[in-house]
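# Reading the structure
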Amino acid sequence: MVTVEDLKNSLRIDNVEDDKLIQTFINSAEGYIKSAVGKQADGLESDDRYTVAVIFLAGMYYENRAETEVKIPYQIRSIIGQLQAEYQ
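Residues numbered from 1 in each chain as written. Predicted model: local features only at pLDDT ≥ 70, side-chain atom pairs only at ≥ 80, totals over all residues. Heavy atoms only, no water.

### Some details on unusual backbone geometry
- We note that Arg-12 has phi near 60°; this positive angle belongs to a residue other than glycine.
- Topologically, Arg-12 is positioned in the loop between helix H1 (4-11) and helix H2 (19-37).
- The class of Arg-12 is exposed, set by a relative accessible area of 73%. (Helix = DSSP H or I, 4+ residues; strand = E, 2+ residues; numbered from the N terminus. Buried < 20%, exposed > 50% of the residue type's maximum accessible area, 1.4 Å probe, protein only.)

Given below as C-alpha cells:
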C-alpha cells in the first residue's frame, strides 16, 4: 500500500498542505490500476510493480494537476500489461 509519505518522498515534497490531495491521487491511481488489471488480482498490492505504478501514476496526477488532458505514460501501460498477464 502506497502512503502519502511514500509519494511525498518520491516527489521531494516537504510541506503538508497538499496531503489530502495527494491521498486522493493515490486512491485514484490505485483504483485505475486495479480496474485495469482486474478484480481477481489477489496479491496485487504486495507486488513491487504495482507499488511503482501507483507512485508513478499518482505523481503524474500531482505534477500535472492543472492539465485538462493527461495521457497515461508507456511505462505505466507496460507495467499494467505485465500485471494483467500475471494476475488474470
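Picking up where we left off.
### Thoughts on the packing of H2 against helix H4 (residues 74-87)
- Two numbers describe how H2 lies on H4: the axes approach to 9 Å, and their chain directions differ by 50°. Relative to H4, H2 is oriented oblique. Classified by chirality, the crossing of H4 by H2 is right-handed. Across the interface between the two elements, Tyr-32, Ile-33, Ala-36 and Val-37 of H2 pack against Ile-80, Leu-83, Gln-84 and Tyr-87 of H4. (Axes fitted to C-alpha atoms, helices over the stretch in contact; angles between N-to-C directions. Parallel < 35°, antiparallel > 145°, perpendicular 65-115°, else oblique. Left-handed = near helix turned anticlockwise from the far one by under 90°. Contact = heavy atoms within 4.5 Å.)

### What about the environment of Val-4?
- Along the polypeptide, Val-4 turns up in helix H1.
- Along the backbone, Val-4 and Leu-21 are 17 residues apart, and their C-alpha atoms lie at a distance of 9.5 Å.
- Apart from residues no more than four positions distant in its own chain, Val-4 is found in contact with Asp-19, Ile-22, Gln-23 and Ile-26.

### Section: the pattern of salt bridges
- Counted by the stated rule, this structure contains five salt bridges.
- The salt bridge partner of Glu-5 is Lys-8, with a shortest N-O separation of 3.8 Å. Highlighted residues: Glu-5 and Lys-8, both in helix H1, separated by three residues, approximately one helical turn.
- With a relative accessible area of 3%, Lys-8 lands in the buried category.
- Three or more residues are tied together by salt bridges with common partners; here these are Glu-5, Lys-8 and Asp-19. (Salt bridge = Lys/Arg side-chain N within 4 Å of Asp/Glu carboxyl O.)

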